[in-house]
Amino acid sequence: MNKLAACSTSCVMRIINILKSRLVSHSPLALAHHVTSLCNARCKMCDMWKRSPRHTDDLSREDIFAMLDDAKEAGMIGYIAWGGEPLLREDLPELLQFAKKKKFLTMLVTNGFLLAERCKEIAPFTNLIYISIDSNSPLHDEMRGLEGILKNAIDGIKACKREKIKITINSVISNLNLDEIDGLCELSKELDVPIVFEPMQIVSEHNRHLKATDEDLKVAFSKILKYQRSGYKIDSCTEYLQNFSKQKKYVCHTAKCYVTIDAHGNITTCSENKKWGNVKERSFAEVFDSMEFKEFCRKAEKCNKCDVSCVAEVSLAYSLNPRFVLGSIRNLL
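Being a predicted model, the structure only gives us computed values, none of them experimental.

Of all the five residues making up strand β1 (residues 30-34), five are buried; the element is thus mostly covered by neighbouring parts of the structure. Both faces of β1 are covered, namely the face carrying Ala30, Ala32 and His34 and the face carrying Leu31 and His33. When β1 meets strand β2 (residues 78-82), the two strands line up parallel, connected through five bridges. Looking across to β2, one finds that Ala30 is bridged to Gly78. What joins β1 to β2 is helix α2 (residues 61-73), and the crossover it makes is right-handed. As paired strands, β1 and strand β7 (residues 258-261) are joined by four bridges and run parallel to one another. Note on β7: the bridge partner recorded for Ala32 is Thr260.

With that settled, consider helix α9 (residues 238-246). The element α9 is largely enclosed, with a buried count of seven among its nine residues. Here α9 has its buried residues at Thr238, Glu239, Tyr240, Leu241, Gln242, Asn243 and Phe244.

A word on the pairing of β7. Side chains Tyr258 and Thr260 project from β7 onto one buried face, and the interleaved Val259 and Ile261 project onto a second face that is buried too. Of the strand pairs in this sheet, β7 and strand β8 (residues 266-269) are connected by two bridges, and their pairing is antiparallel. Residue pairing in the sheet places Ile261 in a bridge with Ile267 of β8. From the end of β7 to the start of β8, which pair antiparallel, there are four residues, and Gly265 there has a positive phi angle of about 100°.

Cis peptide bonds are those with omega within 30 degrees of zero, and the linkage from Gly83 to Gly84 qualifies with 25°. Checked against the element boundaries, Gly84 lands in the loop between β2 and α3 (92-101). In this model, Asp192 sits at a positive phi of 60°, which is unusual for a non-glycine residue. Following the sequence through the fold, Asp192 ends up in the loop between α7 (181-191) and β6 (195-199).

With that out of the way, let us pick up the packing of helix α4 (residues 115-122) against helix α6 (residues 149-162). Running from amino to carboxyl end, α4 crosses α6 at an angle of 25°, the nearest separation of the two axes being 8 Å. By the criterion of interaxial angle, the relationship of α4 to α6 is roughly parallel. α6 is crossed by α4, and the crossing has right-handed handedness. Along the contact surface, α4 presents Leu115, Ala116 and Cys119, while α6 presents Asp155, Gly156, Ile157, Ala159 and Cys160. A per-class count over the contact of α4 with α6 returns six nonpolar, one polar and one charged.

Turning to the nonpolar core, a few remarks are in order. The nonpolar side chains of a soluble globular protein tend to be buried with one another. Residues Leu31, Tyr79 and Phe284 are the most contacted members of the largest nonpolar core, which totals 83 residues. The contact partners of Tyr79, leaving out residues within four places of it in the chain, are Leu31, His33, Val35, Ile64, Met67, Leu68, Leu96, Ala99, Phe104, Leu105, Thr106 and Met107. Among the nonpolar cores identified, the runner-up in size contains nine residues, and Cys39, Ala41, Met200 and Leu210 belong to it.

Moving on, we come to the confidence of the model for the protein chain. Overall, the predicted model of the protein chain reaches an average pLDDT of 86, with 86% of residues at or above 70. In the predicted structure, residues 1-12 sits below a pLDDT of 50 and forms one contact with residues beyond four places in sequence or in another chain.

With respect to the helices and strands, the residue Lys100 is situated in helix α3. Residues Lys100 and Pro124 lie 24 residues apart in sequence; the distance between their C-alpha atoms is 9.1 Å. The contact partners of Lys100, leaving out residues within four places of it in the chain, are Thr106, Phe125 and Asn127.

Further remarks concern the packing of aromatic side chains. Under the criterion given, the structure shown has eight aromatic pairs. Ring centres of Phe221 and Phe244 lie 4.0 Å apart, and the angle between their planes is 15°; this geometry places the pair in the stacked category. Highlighted residues: Phe221 in helix α8 (residues 214-229) and Phe244 in helix α9, separated in sequence by 23 residues. Comparing Phe221 with Phe244, the two get one shared label, buried.

Taken as a whole and assessed by the stated rule, the structure comprises 13 salt bridges. Residue Asp134 pairs with Arg144 through a salt bridge whose shortest N-O separation is 2.5 Å. In this pair, Asp134 sits in the loop between β4 (128-132) and α5 (139-144) while Arg144 sits in helix α5, placing the two residues 10 residues apart along the sequence. You'll find Asp134 and Arg144 in the same group, each marked buried.

Each value, and the rule that gives it
One numbering rule holds for all chains: residues counted from 1, following each sequence as written. Selection of residues for local features in this predicted model requires a pLDDT of at least 70, selection of side-chain atom pairs for listing and counting requires 80 or more, and totals for whole chains, interfaces and linings are taken over all residues. Computation of side-chain values covers all heavy atoms of the structure but excludes hydrogens and water. Any residue under 20% of the maximum accessible area for its type is buried, any over 50% is exposed, and the rest in between are partly exposed; the area is computed with a 1.4 Å probe on protein chains only. Going along the chain from the N terminus, every DSSP run of H or I of four or more residues is numbered as a helix, and every run of E of two or more is numbered as a strand. Here the rule is simple: two strands pair whenever DSSP picks up at least two bridges between them. Note on handedness: a clockwise path from strand one over the helix to strand two, with the strands aimed away from the viewer, defines a right-handed crossover. The angle between two axes is taken between their N-to-C directions and runs from 0 to 180 degrees, where each axis is a line fitted to C-alpha atoms and a helix contributes only its stretch in contact. Oblique is the label for every angle not falling under 35 degrees (roughly parallel), over 145 degrees (roughly antiparallel), or within 65 to 115 degrees (roughly perpendicular). Here a crossing is called left-handed whenever its near helix is offset anticlockwise from the far helix by less than a right angle, and right-handed whenever the offset is clockwise. Between two residues, a contact is recorded if the distance between any of their heavy atoms is within 4.5 Å. Nonpolar residues are Ala, Val, Leu, Ile, Met, Phe, Trp, Tyr, Cys and Pro. Charged residues are Asp, Glu, Lys and Arg, and all others, Gly as well, are polar. Only buried Ala, Val, Leu, Ile, Met, Phe, Trp, Tyr and Cys residues count toward a nonpolar core, and they belong to the same one when joined by side-chain atoms within 4.5 Å. Residue-level confidence of the predictor is summarised by pLDDT, bounded by 0 at the bottom and 100 at the top. For Phe, Tyr and Trp, rings pair up if their centres lie within 6.5 Å, where Trp contributes its six-membered ring, and each pair is then called stacked (planes under 30 degrees apart), edge-to-face (over 60) or tilted (otherwise). Any Lys or Arg side-chain nitrogen located within 4 Å of an Asp or Glu carboxyl oxygen qualifies as a salt bridge.

Structure (structure tokens):
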């Protein structure tokens, strides 16, 4: 009974924080943290692995604990650990355990290469794991620049299912894998796990040539919609998928929903273009209460250039878009 009461209290507090953020403070609820800049892949569409030599400057465990304490004080309820490749960080289970003790909802984003090996260590402290798979063929290893990564990722999914961890496949669509959607949907069905799709984000000029055209994305996401409507576990919101064919505009609320902390502790928004200081020197409350941050959030509402799910879907949710809300409920059911 005590455990049930504690769980109920925690849920009530999360709801209160969500309502307070949405209706009053408009301050972020989640922390997306690059726990390390170290990476074991060499993905063609990403250049983050080039920062691997700098991983010796990653925040220490004590720095991260202090950051999570501060995030809790600021009313945040979600902690997303990614990288680089987060499973390369030896003390990752301790970081997730500390976050769970602070009543955070915890999420891990991984390429899956080490997941089967480390699954049991993180299972008790992780609410959801996203595994990046962009093809159910040898193309995935080629795209990720790491031999065996597809097999290891699938083994990791199976290990997570045995540990009863909620898991989702995340597929990024570029002009490299436009023809892989059928195989990805079948992989999701075969493994009986949900899958989400999003277009590749242009993070620097090095990957611009890999960006799929608007017409190609329209065709690709129309196909994904058909799979969703035929009963496949496509967890992307229907409204979000439809936006690629209808080119609808949305109001960006991302900065009000989450901030990103890089491996060295810098507080950033908008794909790391805007920096707000470092967690070792400035509190979240100080950032969120500043007129500069509030003005940035207001100006961001006029922008809707991003089509990645962590921006567009989050903004649709914050806007309480009726079709988005109904689609989310349908996916949950």
